Amino acid sequence: MGPNDAQIVRVFSREPGGKIADSTLNPQKDGEIVLEAEAGRTLHGQEGSYRVSLVVRDIDDGTAIPVVGSGVVQGHFLTAGEGWTDFPGVFEFTLSSAVLSQHAGHIAQAYGSVKYGSTEPGATFAVSPPFLILP
């Protein structure tokens, strides 16, 4: 990765506030999808723009699992209050227990993307390992 690039490091599921990935989510509690990404020094230095998007899909029935909020975070690098103020960016998206319970017993997967740059835009994509929403 160069100074003008960004790259998703990983996308994974976990219990909210957890420290490690979890391949199962309890539908009685909210779940969390984390997208970790790195961006080059030039993007940060020029306060370039970014847009992080996340979509979660139920692999068993092909439906979308809505993320709390819009599933999109956008702003400018190193701008306070906009989410990506350090070189590694960590973005957390919540899946409500009400929604997870509708997909209990199903396998799901999260799809993340980061569009970045102002004058010469680029993009990076990643898919989480599959995870089970417990029955």
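Use the structure listed above.
Rules used throughout
- Residues numbered from 1 in each chain as written.
- Predicted model: local features only at pLDDT ≥ 70, side-chain atom pairs only at ≥ 80, totals over all residues.
- Heavy atoms only, no water.
- Buried < 20%, exposed > 50% of the residue type's maximum accessible area, 1.4 Å probe, protein only.
- Helix = DSSP H or I, 4+ residues; strand = E, 2+ residues; numbered from the N terminus.
- Pairing = 2+ DSSP bridges.
- Phe/Tyr/Trp six-rings, centres within 6.5 Å; stacked < 30°, edge-to-face > 60°.
- Lys NZ or Arg CZ within 6 Å of the ring centre and 35° of its normal.

Caption draft 1: Structural context of the pairing of strand 3 (residues 31-39). For strand 3, the buried fraction is high: 7 of the 9 residues fall into the buried class. Relative to strand 3, strand 1 (residues 6-14) is paired through 8 bridges, and the arrangement is antiparallel. Bridging across to strand 3, Ile 8 finds its partner in Ala 37. Pairing of strand 3 with strand 7 (residues 88-95), which is carried by 8 bridges, proceeds in the antiparallel orientation. Considered in strand 7, the bridge of Gly 31 is made with Leu 95.

Caption draft 2: Examining the packing of aromatic side chains more closely. For the coordinates displayed, the defined rule picks out 2 aromatic pairs. Ring geometry for Tyr 50 and Phe 77: centres 5.3 Å apart, planes at 50 degrees, overall tilted. Highlighted residues: Tyr 50 in strand 4 (residues 49-58) and Phe 77 in the loop between strand 6 (72-76) and strand 7, separated in sequence by 27 residues. The pair formed by Tyr 50 and Phe 77 is uniform in burial state, with each residue classed as buried. Considering the side-chain rings of Tyr 50 and Phe 91, the 6.0 Å spacing of their centres and the 50 degrees angle between planes classify their relative orientation as tilted. Placement of the pair is Tyr 50 in strand 4 and Phe 91 in strand 7, with a sequence separation of 41 residues. Residue Phe 91 is classed as buried on the basis of its relative accessible area of 4%. Here the guanidinium or amino end of Arg 10 rests over the ring plane of Phe 12, the centre of that ring lying 4.0 Å away.

The values reported here are purely geometric and, on their own, carry no functional implication.
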